[in-house]
Amino acid sequence: MPGFIIADFGGMSTALSPKTLKANIATYAKNCEVGDGRLKPLKTTSAVSPNPLTTSPQSIYEYTADKWFEFGMDVDVARVPNAFDVTNKVVYTGYTYPRITRNDIAVGASPMPVASYRLGLPAPTVAPTLAVGGTIVVDSLDDYRSYLYTWVDAWGEESTISPLSTSENVRDGQNMTVTFPTAPTGAYNLGTGSFKRLYRSNSGTAATAFQFVADVPIGTTTYLDTIATAGLGEVVPTVTWVRPPDDNTSDFPSGQMLGVTTLPSGAIVGFSGKTLVYSEPYIPYAFPLNYRYTLKDDIVGISPNSQGLVVATTGKPHLAVGHDPASVSVLELDEYQACVSKRSVVDMGESTIYASPDGLVLVSGNTVRVVTEAIFTREQWQALNPSQIHAYRYEGKYVGFTDTQGFVFDPESTEQAWVFTDVSAACGFYSAKEDALYVANGSVLHKWATGSELTYTWKSKTFESPTPMNLGAISVSCLGTVSVKIYGDDVLRSTTACTNDTLVRLPGGYTASEWRVELEGTAHVDYVKLATSVGELAKIV
């Protein structure tokens, strides 16, 4: 072996012996950008000005172009899809109980959101009471009636139904006074503009449909019903519209709904314990019981895809196929790859990636594979603390962080495209409309890869020569400045500073059988050639 070349630079691998790696794979790579053949520096982040953050958040969300939500815990936010809603409603989970907010109460002095309400209204627990009045018209027919009501908040969001009243006979000439209980207290939007919506049976049996009678202001305790049967309105639509799982452990022992995201069907979906929880399409506060699907393992995180949802669990991953919440099919994928970090679950477009005990797992269709098995052994992966990973999509890459380091992984690369980075972050948000990644480091918001170039380190595999030799010349094709360190038999033999294209004779006086190269700098490097002489360099391609 008169020499060797390093070109088409790839990422790193520590899973294999340094002697068995391909020539373009590193044993360690930091702050590098690889993938197009050149070795280039990653750029650091740049601070957003003016800085919209006032706390040191654990979750951030771009509400509008210049308004950011910030939370001190792991929070998921889902937009409410509605073509005619100009209030920019969102729901979010992870913050004590599921919440809903919109621009008139969310926006104000930071930190935002300034205010919110509980998502969903409680079921009325007390039946209305009835009192018949008026004078009966002689020979009039019997009309047995029952009543029920719902809560309707100031934004028009309606609860499920109350218990039925008793059935009372109201004949011609008579009327009915309906008395309501007081409204529930708590973080509900049941102030000015809210009301009770009254429904009445039209045949006197509990099995019949109940139709709209009137909206009664929330503070009014009675209503005099004089409406004829022909004047009744729509049938009550909210019989199955219950609130999502919240912090009431008596009702929801598996805990509050987490992980909300929006589906193309207009439904909001989250999870509680082992159960997927779907809303009615375009009705983000109504979560019918028959739209819930229970798995055998606890759910850790979910990610939407073209088929429906990828569901990462404490056991096998699942696919929840279908966007219509009434007809979802849950399929268990036959791979035991548990998810160890909810915040590691990332929608990559046609696939989903999450952290497992063995490495990063990619789910695409029905296929499940560990995509880092050629990069890290299980023991090496565990040393990275995968349970700490929080990650984000950016330019097709998986950008992740733990408490101590960051990394960038390209799942589409065949060249082990994993590199570490000195950039740190506590949380992040991918802005699809800008195709930009934002990260928060402390109380400052930064934009990914928009700052100055970082100094990279790229350490090569171990090259072996059949007999000891002296590498006497180096040729580097680059733009910029890079330091090239050459190790022979694990001893540093030379350090060469290369600026732009460089050809340099190397010191002699020694021979070695094993060679390593370490590059450090900011230059864009096409290749590095090393040979026993300048003449031999020309022969290496």
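Let me sum up the structure you'll find in this document. Just so it is clear, the model here is predicted, and its values are computed rather than measured.

## Quick notes on the overall build of the protein chain
Then step 1. Helices and strands together make up the secondary structure of the protein chain, namely 3 helices and 46 strands.
Then step 2. With respect to the principal axes defined by its C-alpha atoms, the protein chain has extents near 125 × 50 × 35 Å.
Then step 3. Out of the 541 residues belonging to the protein chain, those deemed buried represent 52%.
Then step 4. Excluding contacts between residues fewer than 6 apart, the proportion of contacts in the protein chain whose partners are at least 24 apart in sequence is 60%.
Then step 5. Accessible area of the protein chain: about 22300 Å², with a carbon and sulfur share of 51%.
Then step 6. If you average the places of the 38 positive and of the 54 negative side-chain charges in the protein chain, the two averages end up 5 Å apart.

## Some thoughts on the state of the cysteines
Then step 1. Overall, the coordinates contain 0 disulfides when judged by the stated rule.
Then step 2. Left without a disulfide partner, Cys 478 is nearest to the cysteine sulfur of Cys 498, which lies 6.1 Å away.
Then step 3. Note on Cys 478: relative accessible area 5%, which makes it buried.

## Let's talk about the pattern of salt bridges
Close approach of charged atoms allows side chains with opposite charge to pair.
Then step 1. Under the definition given, this model contains 27 salt bridges.
Then step 2. For Arg 243, the salt bridge identified is with Asp 251, shortest N-O distance 2.9 Å.
Then step 3. With a relative accessible area of 44%, Asp 251 lands in the partly exposed category.
Then step 4. With a closest N to O distance of 3.5 Å, Glu 536 and Lys 539 form a salt bridge.
Then step 5. Salt bridges sharing partners connect three or more residues here, namely Arg 118, Arg 243, Asp 246, Asp 247 and Asp 251.

## Looking at the pairing of strand E33 (residues 397–401)
Each regular strand displays side chains that alternate between the two surfaces of the sheet.
Then step 1. Among the 5 residues in E33, 4 count as buried, and that is most of the element.
Then step 2. Two strands pair when backbone bridges link them, and strand E32 (residues 390–394) and E33 are joined in this way by 5 bridges, in the antiparallel orientation. Bridge pairing links Tyr 392 to Val 399 in E33.
Then step 3. Count of turn residues in the E32/E33 antiparallel hairpin: 2 residues, of which Glu 395 carries a positive phi of about 50°.
Then step 4. Pairing between E33 and strand E34 (residues 406–409): 4 bridges, direction antiparallel. For Gly 400, the partnering residue across the bridge sits in E34 and is Phe 407.
Then step 5. Hairpin geometry of E33 and E34 is characterised by an intervening segment of 4 residues between the two adjacent antiparallel strands.

## A short note on the sheet that holds strand E26 (residues 318–321)
Pairing between the strands of a sheet is mediated by backbone hydrogen bonds and can be parallel or antiparallel.
Then step 1. Read across the open sheet, the 4 strands follow the order E24-E25-E26-E27; overall the sheet is antiparallel. One side of each edge strand has no neighbouring strand; the edge strands of this open sheet are strand E24 (299–304) and strand E27 (329–332). Looking at each pair of strands side by side, their axes are set apart by 20° on average, direction ignored.

## Things to note about the packing of aromatic side chains
Within a pair of aromatic rings, the relevant descriptors are the distance that separates the centres and the angle that separates the planes.
Then step 1. If you walk through the whole model with that rule in mind, you get 28 aromatic pairs.
Then step 2. Consider the rings of Tyr 149 and Phe 180, whose centres lie 5.6 Å apart with planes at 90°: the pair is edge-to-face. Placement of Tyr 149 in strand E14 (residues 147–152) and of Phe 180 in the loop between strand E16 (174–179) and strand E17 (195–201) is noted, with a sequence separation of 31 residues between them.
Then step 3. With a relative accessible area of 0%, Tyr 149 lands in the buried category.
Then step 4. The class for Phe 180 is buried, based on a relative accessible area of 5%.
Then step 5. If you follow Arg 99 out to its NZ or CZ, it ends over the ring of Tyr 97, 4.3 Å from the centre.
Then step 6. Sitting over the face of the ring of Tyr 527, Lys 529 holds its NZ or CZ atom 5.2 Å from the ring centroid.

What counts and how
Residues numbered from 1 in each chain as written. Predicted model: local features only at pLDDT ≥ 70, side-chain atom pairs only at ≥ 80, totals over all residues. Heavy atoms only, no water. Helix = DSSP H or I, 4+ residues; strand = E, 2+ residues; numbered from the N terminus. Buried < 20%, exposed > 50% of the residue type's maximum accessible area, 1.4 Å probe, protein only. Contact = heavy atoms within 4.5 Å. Areas by Shrake-Rupley, 256 points an atom, 1.4 Å probe, with all protein chains shown as cover. Lys, Arg positive; Asp, Glu negative; His and termini not counted. Charge placed at Lys NZ, Arg CZ, Asp CG, Glu CD. Disulfide = S-S within 2.5 Å. Salt bridge = Lys/Arg side-chain N within 4 Å of Asp/Glu carboxyl O. Pairing = 2+ DSSP bridges. Axes fitted to C-alpha atoms, helices over the stretch in contact; angles between N-to-C directions. Phe/Tyr/Trp six-rings, centres within 6.5 Å; stacked < 30°, edge-to-face > 60°. Lys NZ or Arg CZ within 6 Å of the ring centre and 35° of its normal.

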